[in-house]
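One-letter residues, chain by chain:
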Amino acid sequence: MIKFIAADLDGTLLNSSHALPDGFMELVEKLYDMGITFAAASGRQYYGVEKLFMPVRDKMMFIAENGGVAYEKGQLIYSLPMPADDVLAMVHEAEKLYDKGVRILLSGENCAYVADSDKDFSDSCNTYCARLKTVNDFSVIPDGDRIIKIALFDKNAEMQVYPAMKRFSDDFNVILSNTCWVDIVGKTVNKGTAVTKLMERLGAGYDEAMVFGDYLNDYEMMSCCKYSFAMENAHPQLKSAAHYIAPSNDDNGVVREIKAHIPELKI
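Along each chain, residues carry numbers from 1 onward, in the same order as the chain's sequence is written. Given that this is a predicted model, residues contribute local features only at a pLDDT of at least 70 and side-chain atom pairs are listed and counted only at 80 or more, while totals for whole chains, interfaces and linings are drawn from all residues. Excluding hydrogens and water, the side-chain figures rest on all heavy atoms present in the structure.

J.: Describe unusual backbone geometry, listing the residues and the values that go with them.
T.: For His18, which is not glycine, the phi torsion reads 65° and is therefore positive. A run of DSSP states H or I qualifies as a helix once it reaches four residues; a run of E qualifies as a strand once it reaches two. Both are numbered from the N-terminal end. Mapping His18 onto the fold places it in the loop between strand E1 (4-7) and helix H1 (24-33). Of note, Lys73 is a non-glycine position whose phi angle comes to about 50°, a positive value. Relative to the assigned elements, Lys73 resides in the loop between strand E4 (69-72) and strand E5 (75-79).

Shown next, in the form of structure tokens:
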């Protein structure tokens, strides 16, 4: 029997308009009543993800910042910040690409921080961050916060900023999280590690969990359990790693597969 379900948001659970499937709150309620825990597993900041699910927040779990933090019932389960000196060194390297359109967001335990207000960048930041502050520069960590993730915005992320920052991959996890964002987190931080921690917390075995994703920041999740799904719209490398393919995010693929694999779910 399925005990745990984790789904990425953008490109996976959310449709192209960034909206949840109709009736999804009711679905989470039904799963909870059956003893099945649903977790949102996102590269987004926790506070923004929490807002999406506020009516059922206390009946689910949250993985945010690509596995850098996890929450249950509004309480922090764990946090994996990066050393401040290393954060600033990578920020200074990314700043060399500023003239090529690369922009920087630092995501901390308490807030996210930017030092630029380009429209496309700002629009994207406001989509993903509920707590966001503009600072003068990144010469020091803002507000003494502990930084969980460096997020680099680049309209050509896979070809430009991703290769430039890969040199840090010996010590950090450099992730192409979608077409416009590269995320940098601690070396052991990824959604797969986070999913494994939550499965252990819930006593869910390999055959008792489902995961869904669409991009390379979901890659490690695909080996966590028997029922791993890449969306039809997923990156080709993720499809190769997944055990199954789900219909696309615009075809309500997550909900359709949940219902197909949990026939007792009456909704």
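J.: So what's going on with the pairing of strand E13 (residues 227-231)? Residues and values would help.
T.: The buried fraction of E13 is high, at 5 of 5 residues. With burial as the criterion, each face of E13 is covered, one bearing Tyr227, Phe229 and Met231 and the other bearing Ser228 and Ala230. Pairing between strands is defined by DSSP: at least two bridges between them are needed. Two elements, E13 and strand E14 (residues 244-246), share 3 bridges in a ladder whose sense is parallel. Counted as the bridge partner of Ala230 is Ile245 from E14. For the crossover that starts at E13, traverses helix H7 (residues 236-241) and ends in the parallel E14, the hand is right-handed. Any residue under 20% of the maximum accessible area for its type is buried, any over 50% is exposed, and the rest in between are partly exposed; the area is computed with a 1.4 Å probe on protein chains only. By the criterion used throughout, a crossover qualifies as right-handed when its path from the first strand across the helix to the second strand runs clockwise, the strands pointing away from the viewer.

J.: Which residues make up the side chain of Asp145, and what values go with them?
T.: Within the fold, Asp145 resides in the loop between strand E8 (132-134) and strand E9 (147-153). The buried charged residue Asp145 lacks any salt bridge, with Arg146 as its nearest oppositely charged partner at 6.5 Å. Engagement of the side chain of Asp145 in a polar contact is seen with the side chain of Tyr113, the distance being 2.9 Å. Any pair of residues with heavy atoms lying within 4.5 Å of one another is described as a contacting pair. When neighbours within four sequence positions are excluded, Asp145 is seen to be in contact with Gly108, Glu109, Asn110, Cys111 and Tyr113. For the charge count, each Lys or Arg is scored as positive and each Asp or Glu as negative, with His and the chain ends excluded. The salt bridge definition used is simple: a Lys or Arg side-chain nitrogen within 4 Å of an Asp or Glu carboxyl oxygen. Distance and chemistry together define a polar contact, namely a pair of N or O atoms within 3.5 Å, with one atom able to donate a hydrogen and the other to accept it when in protein, and with adjacent residues in sequence counting only for side-chain atoms on both sides.

J.: Describe the sheet that holds E8, listing the residues and the values that go with them.
T.: Spatially, the 6 strands line up as an open sheet ordered E8-E7-E6-E9-E11-E10, and their pairing is mixed. The outermost strands of the open sheet, each flanked by one partner alone, are E8 and strand E10 (172-178). Put simply, the sheet's adjacent strands are angled 25° from each other on average, direction ignored. Sheet analysis places strand E6 (residues 103-108) next to strand E7 (residues 112-114), joined by 3 bridges and oriented antiparallel. An axis is simply a line fitted to the C-alpha atoms; with a helix, the fit covers only the stretch in contact. Between two such axes, the angle follows the N-to-C directions and lies from 0 to 180 degrees.

By themselves, these observations are geometric and do not establish any function.
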